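# Structure assessment
What follows is each chain in one-letter form.
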Amino acid sequence: MPMQHAYAVEVEWTGAGDEGTRTYRSYARDHVVRIDGLPDILGSADKTFRGDRGRHNPEQLLLAALAQCHMLSYLHQAASRGIVVTAYRDAATGTMVTEGSGGRFTEAVLHPVVTITDAARAADALDAHGQAGRDCFIASSVAFPVLHEPTILVAGEQGER
């Protein structure tokens with residue numbers, strides 16, 4: 001039986017200044033993302049869209065959500081398979097195209113680098129990325145491909161496997 005989960009986020013625009021949206025250039029894209037009990041996230045638009053480069057933009061946060069979700073799904077897969085992971089990092093990239101006044105992501109590519117303890121489990125550790133990608137709630141919710149280009153390292157060894 002499916003379980004329903006609910007989430008709540010508050011977003012407040014803080015960039016009205018003196019003129020509000022009188023013109024396209026008269027307002028800042030600054031805003032605050034609030035989630036009960038957590039630090040605020042200072043947001044803006046991408047610099048390309050007149051945003052503040054010193055604040056997080058929605059495109060970065062979408063990519064971060066994909067990378068986080070995949071990591072958490074992967075760690076679950078590893079634990080379920082008996083693979084001991086001692087380190088995980090990702091340098092995710094995303095591609096977005098704009099057309100007219102809109103746009104869309106065309107793909108995200110995750111580049112997880114995972115360190116495991118047992119070289120004999122490297123193939124299984126690599127395989128676990130496929131199931132993690134299918135398990136990730138965020139990747140299952142987007143309308144563009146989320147690709148994985150993982151690297152598996154073995155603790156105490158030099159190089160990649």
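Nothing here was measured: the structure is a model prediction, and the numbers come from that model. (Residues numbered from 1 in each chain as written. Predicted model: local features only at pLDDT ≥ 70, side-chain atom pairs only at ≥ 80, totals over all residues. Heavy atoms only, no water.)

## Focus: the side chain of S44
For the record, the criterion: Comment: elements are numbered from the N terminus, with helices defined as DSSP H or I runs of at least four residues and strands as E runs of at least two. Exposure is judged per residue with a 1.4 Å probe applied to protein chains only, and the accessible area is read against the type maximum: over 50% gives exposed, under 20% gives buried, and values in between give partly exposed. Distance and chemistry together define a polar contact, namely a pair of N or O atoms within 3.5 Å, with one atom able to donate a hydrogen and the other to accept it when in protein, and with adjacent residues in sequence counting only for side-chain atoms on both sides. Throughout, a contact is declared for two residues whenever any of their heavy atoms are within 4.5 Å.
Residue placement: S44 occurs in the loop between β3 (41-43) and α1 (58-81). A relative accessible area of 1% means that S44 is categorised as buried. For S44, the side chain forms a polar contact with the main-chain nitrogen of D52, separated by 2.9 Å. Look past the residues within four positions of S44 in its chain and what remains in contact with it is R29, D30, H31, G51, D52, R55, H56, N57 and P58.

## Regarding the packing of α1 against helix α2 (residues 122-135)
To characterise two packed helices, one gives the angle between the axes of the helices and the distance between these axes. Quick reminder of the rule: Only C-alpha atoms enter the line fits that serve as axes; for helices the fit covers just the stretch in contact. Angles between N-to-C directions range over 0 to 180 degrees. For classification purposes, angles smaller than 35 degrees are called roughly parallel, those larger than 145 roughly antiparallel, those between 65 and 115 roughly perpendicular, and all remaining angles oblique. Each crossing gets its handedness from the near helix: less than a right angle anticlockwise from the far helix is left-handed, clockwise is right-handed. Residue polarity follows a fixed list, in which Ala, Val, Leu, Ile, Met, Phe, Trp, Tyr, Cys and Pro are nonpolar, Asp, Glu, Lys and Arg are charged, and the others, Gly among them, are polar.
The interhelical angle for the contact between α1 and α2, taken along N-to-C directions, is 130°, at an axis separation of 8 Å. Comparing the axis directions of α1 and α2 gives the class oblique. For α1 against α2, the interelement crossing comes out right-handed. Facing H70, S73, Y74, Q77 and R81 of α1, the residues of α2 in contact are D124, A125, D127, A128, H129, Q131, A132, G133 and D135. Residue classes in the contact of α1 with α2 are distributed as four nonpolar, six polar and four charged.

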